[in-house]
Amino acid sequence: MNPYEQAVQTELIRWQQAMQKPPSTFGKLSTSLQKRINRLIPDRIHAIVTATIKQMTRAVLFGADFLNRAPVAGQTLVQRDAAVARRIEFYKKTSAAEGGVTGAGGLLLGLADFPLLLSLKMKLLFEIASLYGYSTSDYRERVFILYVFQLAFSSQERRQVIYQHIANWPEHSRQLPNDINQFDWLTFQQEYRDYIDLAKMAQLIPGIGAAVGIVVNYRLVNQLGQTAMNAYRMRLLPNSSSLERIR
C-alpha cells in the first residue's frame, strides 16, 4: 500500500467512526429545527416534493437518462480521487449559482430549485461511480447510489443503518432481487423522504431564499460528494470496511 492509500485509510477510519456515532444532542436539536421549518411549508408543496423524490427514484432505478457514462478503467486511486474532486467542485459551483437565482425568485422559483438540485446531485453521483470504475448499467450499482444519497442526508440514527448496508455491500447486494422490477422502490423513497434536504426547504421562506439557495446548495453538494468519495474508497481499498475496528 502506497503512502497516499495509507493517508486515505486514516481518513476513512475517522469517517467510518463518524457514520456510526450515536445521535448527539446537537443532532437532535438540528432535527427538531428542521421539523419546525418543515411545518412552515404548505401541504401542497410537501406533496410536490414527495412526488419529485418518487420520480427521481424511479428514474435512477428504471430510466436510462443517467447511464451514458462508461466506467473508467486503469487508473490509480490518487488519479480517481483527483478527477472526482474536480467534478465535485464543478457541481458545487453550479448548484450554488442555480440556487441563488431560483432562491431570489420567490416561492415558485424556489420550489423549482428542488428538482433541479436533486437532478444535479444524481448526475454527480453517477459521474463519481463511473470515475471510480463502477458500471451503473448494473442496477445494483444504482441502488448503491441511492444508499449513498441517503447516507449523506439522513438523521444519525438512520445513517447508522444505511452505513451497514454500504460497509457490507458485497453481502447486501447479493440479497437484492435479480429483477429490477422486483425492487421495492416505493418503500425506499418513503424511508428517506422525511430526512433528506429538509434544510433546503428554508429556501421557500420569503426573504431568505437567495442566501439559503447559494449557501445550502453549495454545502449539500459538498456533503454528498465527500460521502460518495468515502463510500467508494471503502469498496476499493482492501479490508477497509473493517478499518474502524483496527484501533
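Residues numbered from 1 in each chain as written. Predicted model: local features only at pLDDT ≥ 70, side-chain atom pairs only at ≥ 80, totals over all residues. Heavy atoms only, no water.

K.L.:
What is the right way to read the environment of V221 from this model?
P.N.:
Along the chain, V221 falls in helix 10 (residues 209-236). According to the relative accessible area criterion, V221 is buried, its value standing at 2%. For the pair V221 and K121, spaced 100 residues apart in the sequence, the C-alpha separation amounts to 6.7 Å. Excluding anything up to four places from it in sequence, V221 contacts I88, Y91, K92, S95, L117 and L124. (Helix = DSSP H or I, 4+ residues; strand = E, 2+ residues; numbered from the N terminus. Buried < 20%, exposed > 50% of the residue type's maximum accessible area, 1.4 Å probe, protein only. Contact = heavy atoms within 4.5 Å.)

K.L.:
When you look at the packing of aromatic side chains in this model, what are you seeing that I'm missing?
P.N.:
Given two aromatic rings, their pairing is described by the distance between the two centres and the angle made by the two planes. Per the stated rule, a full pass over the model turns up 8 aromatic pairs. Each ring, one from W15 and one from Y163, has its centre 6.0 Å from the other, and the planes form 70 degrees; the classification is edge-to-face. Highlighted residues: W15 in helix 1 (residues 3-19) and Y163 in helix 7 (residues 156-167), separated in sequence by 148 residues. As far as burial versus exposure is concerned, W15 and Y163 are alike and both buried. (Phe/Tyr/Trp six-rings, centres within 6.5 Å; stacked < 30°, edge-to-face > 60°.)

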